[in-house]
Amino acid sequence: MSKELDRIPIGKVKRASKFVTTGAKVGANYVKAYSKAAIKGKLNKEELDSDNARDIYDSLSELKGSALKMAQLLSMDQNVLPKAYSDKFAMAQYSAPPLSYPLVKKTFKENLGKDPNEIFDSFGKNASNAASMGQVHKAELHGKQLAVKVQYPGVADSIKSDLRLAKPFALKLMKVKGKEIDPYLQEVEGKLLEEADYGLELRQSMDFAEKCSNLRGVFFPTYYPELSASQILTMSWLEGEPIGAWMKREQKQEDRDQLGQILWDFYMHQMHELRMMHADPHPGNFIIDDKNKLGVIDFGCIKHIPDNFYQAYFELANHTTLNDEDRVDQLFKELEIIRPTDTEKDVKIVTSMFKDLITLLSRPFNQGVFDYSDDKYFAEIYQKGEAISKDPDMSRLQARGSRHFIYFNRTFFGLYNILHSLKAKVDCSKIDFLKVAS
């Protein structure tokens, strides 16, 4: 694990100065890159991206909280950023620098009035896992193995100011205008504020686990409200292996397929039956036990799905609908893909691009049994994303669609990527979304 941090910049001035310093480093990287280009006659874009990704990630790691969470969010959609950024930012999911034990003790004192060792029979001083908003320590009480999540200091208080400070970096990386991205940043801000509320996460976790308790092959932690507080969340320790490590080892294809089906059915149940979803599907949030069952952790990010968005989204996922031009036009307007101010030319460009994209991304739904090990399919997705990012018309017309797309698409991209890494064949017709959405 990365080197421990013994302090986190908490005040607005200190955090702002960190962003300014990072901006200066990025500027210096551009000067260095273009100076080399003047001598060699060619700009090394990959080296520039790598240097910038390193400096931005290192700064976000020190800031923690929403700043680091943005890096994690961006890394999950590999069509948004150059590869150097997405690869580096993905570290926010697994190996962010942890807090030192004195800071952990301070958080316990402020929240529960006691040191960890006054509460638990044993408490690991070193974090077992450190991510963007908090870190997990292993503890024991009355013979029970527990996972104790400790939130980083200042996370909740700094979210709004951090997003404002990080906005210039996001605009630069994503090549969009400020006013176009504002509704999406507001959606992200709202979800980050929810993630920083451990009381809300406790209630959501218990509710979600109860509503999914009868699903085949899925299990959840037991939560302990009496050992939790606004910045501390205590649950049972799930024994097993992180799905990322499990996938890297040699496994039987039938086990990969079975686990993929469990994961797919779990998410379809959430979307179609509960109309809410665990919107943080990265490998760090899934544990595989010795019976190949799926343990699910971290319910801080739950997206509730509005009925009108749900109906329009899944109606478009039916390839038959995409052949009905009038209906597509109506649904695209409902989902804010087509805007009232669009010219006739703009409508044609946006409609063509989004129809192609939806046809591609909804292929598993319409095909039935789908082989997620198909590298060609994922190459198509990335090529389509790259083509869109380089299209001058789409650069002019980008940042399209309802704000609800952010976490919905994030969930599907995360789910697809895990299933691809699993190399699983999945029956995507087990829950008939066409009937559910009608």
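Up top you'll find the structure we're talking about.
All of these numbers come straight from a predicted model, not from anything done at the bench.

Let's shift gears to the pattern of salt bridges. Across all of its chains, the model carries 15 salt bridges by this definition. The partner of Asp207 in a salt bridge is Lys211, with the nearest N and O atoms 3.3 Å apart. Highlighted residues: Asp207 and Lys211, both in helix 9 (residues 198-211), separated by four residues, approximately one helical turn. Assessed through its relative accessible area of 42%, Lys211 is described here as partly exposed. What emerges from the salt-bridge pattern is a single network uniting Lys149, Glu201 and Asp298.

This part is about unusual backbone geometry. Even without a glycine there, the phi angle at Arg275 is positive, about 55°. Mapped onto the fold, Arg275 is located in the loop between helix 11 (253-274) and strand 8 (276-278). With a phi angle near 55°, Lys423 is a residue other than glycine that sits in the positive phi range. Take Lys423: it is sitting in the loop between helix 18 (405-422) and strand 13 (425-427).

Now for the nonpolar core. Core analysis: the largest hydrophobic core is formed by 71 residues, its most contacted members being Trp264, Met271, Leu294, Tyr372, Phe408 and Phe412. The leading source of residues in this core is helix 18, at nine residues. What Tyr372 contacts, discounting residues up to four positions off in sequence, is Trp264, Pro364, Phe378, Tyr416, Leu419, His420, Ala424, Val426 and Cys428.

Turning our attention to the pairing of strand 3 (residues 134-141). The buried fraction of strand 3 is high, at six of eight residues. Note that strand 1 (residues 122-123) and strand 3 share two bridges and pair antiparallel. The residue of strand 3 that forms the bridge with Phe123 is Ala139. Two elements, strand 2 (residues 129-130) and strand 3, share two bridges in a ladder whose sense is antiparallel. In the strand pairing of strand 3, Asn129 is matched with Val136. Summarising the sheet, strand 3 and strand 4 (residues 144-151) pair through eight bridges and their orientation is antiparallel. Residue Gln135 lies in a different strand from strand 4, and its bridge partner there is Val150.

Right, let's talk about the sheet that holds strand 9 (residues 286-288) for a bit. Read from one edge of the open sheet, four strands run 5-10-9-7, paired in mixed fashion. The strands lining the two open edges of the sheet, one partner per strand, are strand 5 (218-219) and strand 7 (241-242). The pairing of strand 7 with strand 9 spans two bridges and is classified as antiparallel. Within strand 9, the residue paired with Pro242 across the bridge is Ile287.

The next thing to look at is the environment of Asp329. Its place among the elements puts Asp329 in helix 13 (residues 325-334). Expressed as a C-alpha distance, the spacing of Asp329 and Val347, which sit 18 residues apart in the sequence, is 8.9 Å. The residues touching Asp329, leaving out its near neighbours within four places in the chain, are Ile338 and Val347.

What counts and how
- Within each chain, residue numbers correspond to sequence positions counted from 1 in written order.
- In keeping with the predicted nature of the model, local features appear solely for residues at pLDDT of at least 70, side-chain atom pairs appear and are counted solely at 80 or more, and the whole-chain, interface and lining totals rest on all residues.
- The basis for every side-chain value is the complete set of heavy atoms in the structure, and neither hydrogens nor water enter the calculation.
- Counted as salt bridges are all cases of a side-chain nitrogen of Lys or Arg within 4 Å of a carboxyl oxygen of Asp or Glu.
- Helix and strand assignments come from DSSP, with helices taken as H or I runs of at least 4 residues and strands as E runs of at least 2, each series counted from the N terminus.
- Categorising residues by exposure relies on relative accessible area from a 1.4 Å probe, with only protein chains included: less than 20% of the type maximum marks a residue as buried, more than 50% marks it as exposed, and the intermediate range marks it as partly exposed.
- Nonpolar cores were defined as sets of buried Ala, Val, Leu, Ile, Met, Phe, Trp, Tyr and Cys residues, with membership established by side-chain atoms within 4.5 Å.
- A contact between two residues is defined here by any heavy atoms of the two lying within 4.5 Å.
- Here, strands pair whenever DSSP counts at least two bridges between them.

That is the geometry; function is a separate question.
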